[in-house]
Amino acid sequence: MSKLSVEHLLSIKNLTKKDIELIFRTADNFKRIINQPIKKVPTLRDITIANLFFENSTRTRLSFELAEKRLSADVINFSSASSSVKKGETLIDTVNNILSMKVDMVVMRHPNPGAAEFLSRNVDALIINAGDGAHEHPTQALLDSFSIREKLGKVKGKKVVIIGDILHSRVALSNFHCLQKLGAEVRVCGPSTLMPKYLDSLGVKHFTDIKEAMSWCDVANILRIQLERQDVNYFPSLREYAMVYGTNKELLDSLEKEIVVMHPGPINRGVELSSDVADSDHSIILDQVENGVAIRMAVIYLLASKLKK
Amino acid sequence: MIERLAHQLIENHSDFSDTILVGLQPRGVEFTNRILDKLMQISKNKNIKSGSLDITFFRDDFGRRESPIEAQELDMNVSIEGKNVVLIDDVLFTGRSIRSALDALMSFGRPSQVELMVLIDRRLKRHLPIQPNYVGKTVDSILSEKVIVRWNSKNTEDEIILLKSENE
């Protein structure tokens, strides 16, 4: 089957394993295309996509924009800082106004969990969730698993530990769903104060000792400490966090095997990840960024093929 | 038929030093391999370059089909810049695939010349002004008919089938 089972990409939770595999197969092709001398295909010539970012973003926004342009779609960008949202316009009104300019697809990042889902029920356009609060960030999880598949050959049976601020992380939740659907085992590691309550219901086990976590896993996906989302102090200081949960070369050298280190960015160097690891052969951080464009092209392509002519 | 096509290629390209054979996915690739085998048999030349091209993302019927076509692997590890390219496909009908293939090809560089070889030319009902340079066989078929080329790998023979639609 070469069709997705969903009309919008709102979360990994409502994708099937087949959907994810289809996205990966399609992304393989797009990865070849973005490594060609001419990196652009004319597929989405007559499709217009609006990128609505109600929250700051560099990587994701650029990655989506590049993916759209490489597919020859027309792109309009919007960030809330410079818009009428400041004047009190509601989300539905803002989006409907944009849609009446004949836009086919909306890529949205929003600080509120469920914003993408809400929008998909209330407006008439394809919605891609580019992160909704601490809920999900589906394309990031897809590109993470895609990068693991590329580096280790497959995802099934691999052991992945996600380290850091799980509580505030949409990347973590999407990754749990994605990795579990693909048959990998996921655990987390970090201070107990930064662990969400839902871990048990997903069957995700928790390490408190990073050394133990690292010796267990094949892949360590290290998350940023999201200070901007932390309303109270969850740990004494960044310095202490770096000492207890920071990943550095010494720690990796003390392991008996080589593990793969990932990070969704932006990195706080010297906090969750030291520079000598971020720039080492262990790290596939820059591959993740490259794969991000291919994955987003695949998602946009597969969803756009559902638009009726 | 393949032998004749191979001889025609040799006539025009002699030693193939500036020539690349490019098969279109999915069904032109097998045809290209047959041509390559034959060329090597005849000319003993082992340095004929070839590639395969996938046109899925260059098609002009995106969103007009029931479900999207899944892309196939492509293999263009040779530079086509300034080379003579021979595009190879099994059946030429409306010409739309070849139009897409030209687009896809140009994204790998600027070839000095592009030729087209097809096994079967359904010369009626062309939608675009495209003519092949090398033709295995010309067939006058109508729209409701279907031409199927079957390459059989072992023992059995290759066959070309002309199917008439049932309600005729």
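You'll find the structure just up there.
Q: Mind laying out the overall build of chain A, listing which residues take part and the relevant values?
A: Within chain A, the secondary structure is distributed over 12 helices and 9 strands. Here the C-alpha atoms of chain A give a radius of gyration of 19 Å, agreeing with the 19 Å that 2.2 N^0.38 yields for 309 residues. Overall size of chain A, expressed as C-alpha extent along the three principal axes, is 55 × 45 × 35 Å. Across the 309 residues of chain A, 59% fall into the buried class. Counting contacts in chain A only where the partners sit at least 6 residues apart, residues at least 24 apart contribute 75% of the total. In the structure as shown, chain A presents an accessible area of about 13,200 Å², 50% of it carried by carbon and sulfur atoms. Separation between the mean location of the 41 positive side-chain charges and that of the 37 negative ones in chain A comes to 5 Å.

Q: Can you break down the overall build of chain B residue by residue, with the values?
A: Tallying secondary structure elements over chain B gives 3 helices and 7 strands in all. Its helices and strands taken in sequence order, chain B reads α-β-α-β-β-α-β-β-β-β from the N to the C terminus. Its C-alpha atoms give chain B a radius of gyration of 16 Å, near enough to 15 Å, the size a compact globule of 168 residues would have. Principal-axis analysis of the C-alpha atoms places the extent of chain B at approximately 50 × 35 × 30 Å. Burial analysis of chain B (168 residues in total) assigns 48% to the buried set. Across chain B, every contact between residues at least 6 apart in sequence was considered, and the portion connecting residues at least 24 apart equals 67%. As displayed, chain B offers around 9,000 Å² of accessible surface, 45% of which is attributable to carbon and sulfur atoms.

Q: Talk me through the packing of helix α5 (residues 138-152) of chain A against helix α12 (residues 285-304) of chain A; I want residue IDs and the actual numbers.
A: Residues and elements named next belong to chain A. Direction vectors running N to C along α5 and α12 enclose 120°, while the axes themselves pass 8 Å from each other. Between α5 and α12, the interaxial angle falls into the category oblique. Crossing of α5 against α12: the hand is right-handed. Side by side, α5 and α12 meet where Thr139, Gln140, Leu142, Leu143, Asp144, Phe146, Ser147 and Glu150 of the first sit next to Asp287, Gln288, Asn291, Gly292, Ile295, Arg296 and Val299 of the second.

Q: Describe in detail the interface of chain A and chain B, supporting the description with residues and values.
A: Contact residues are listed per partner, giving 25 residues for chain A and 20 residues for chain B. Buried area between chain A and chain B, summed over both chains or domains, comes out near 2,000 Å², and the portion from carbon and sulfur atoms is 58%. On the surface where chain A and chain B come into contact, there are 0 salt bridges. The interface formed by chain A and chain B contains 3 residue pairs in polar contact (both at pLDDT 80 or more). Put simply, the parts of the chain that give the side of chain A that touches chain B at least two residues each are α1 (17-33) and α12 of chain A. Sort the elements by how many residues they give to the side of chain A that touches chain B and α1(A) lands first, with 6 residues. Here the residues of the side of chain A that touches chain B are counted per class, giving 13 nonpolar, 5 polar and 7 charged.

Q: Explain the pattern of salt bridges to me, and be specific about the residues and the numbers.
A: All names here are of chain B. Summed over the entire model, instances satisfying the criterion amount to 18 salt bridges over all chains. With its nearest N and O atoms 3.0 Å apart, the salt bridge here joins Arg34 to Glu30. Of this pair, Arg34 and Glu30 both sit in helix α2 (residues 27-43), 4 residues apart, which is roughly one turn of the helix.

Q: An account of the packing of α5(A) against helix α6 (residues 170-181) of chain A is requested, with residue identities and associated values reported.
A: Residue and element names in this part refer to chain A. At a minimum axis separation of 8 Å, α5 and α6 run at an interaxial angle of 50°. Judged by the angle between their axes, α5 and α6 are oblique. When the axes of α5 and α6 are compared, the crossing they make is right-handed. Every residue of α6 that contacts α5 at Pro138, Gln140, Ala141, Leu142, Asp144, Ser145 and Ile148 is listed here: Val171, Ser174, Asn175, Cys178 and Leu179.

Q: How would you sum up the sheet that holds strand β2 (residues 49-53) of chain B? Please name residues and give values.
A: All names here are of chain B. Taken together, the 5 strands give an open sheet; going across it, the order is β2-β1-β3-β4-β5, and neighbouring strands pair in parallel fashion. In this open sheet, the two edge strands, each paired with only one partner strand, are β2 and β5 (134-139). Within this sheet the neighbouring strands show an average axis-to-axis angle of 25°, counted without direction. Examined bridge by bridge, strand β4 (residues 113-122) and β5 share 5 bridges and lie parallel to one another. Paired with Val118 across the strands is Val135, a residue of β5. Against the sheet, helix α1 (residues 2-13) makes contact with β1 (19-24), β3 (84-92), β4 and β5, and its axis sits at roughly 140° relative to β5, the strand it touches most.

Analysis parameters
Residues numbered from 1 in each chain as written. Chains lettered and ligands numbered in written order. Predicted model: local features only at pLDDT ≥ 70, side-chain atom pairs only at ≥ 80, totals over all residues. Heavy atoms only, no water. Helix = DSSP H or I, 4+ residues; strand = E, 2+ residues; numbered from the N terminus. Rg over C-alpha atoms; globule rule 2.2 N^0.38 Å. Buried < 20%, exposed > 50% of the residue type's maximum accessible area, 1.4 Å probe, protein only. Contact = heavy atoms within 4.5 Å. Areas by Shrake-Rupley, 256 points an atom, 1.4 Å probe, with all protein chains shown as cover. Lys, Arg positive; Asp, Glu negative; His and termini not counted. Charge placed at Lys NZ, Arg CZ, Asp CG, Glu CD. Axes fitted to C-alpha atoms, helices over the stretch in contact; angles between N-to-C directions. Parallel < 35°, antiparallel > 145°, perpendicular 65-115°, else oblique. Left-handed = near helix turned anticlockwise from the far one by under 90°. Buried area = accessible area lost by both parts, 1.4 Å probe. Salt bridge = Lys/Arg side-chain N within 4 Å of Asp/Glu carboxyl O. Polar contact = N/O pair within 3.5 Å; in protein donor to acceptor, adjacent residues only side chain to side chain. Nonpolar A, V, L, I, M, F, W, Y, C, P; charged D, E, K, R; others polar. Pairing = 2+ DSSP bridges.

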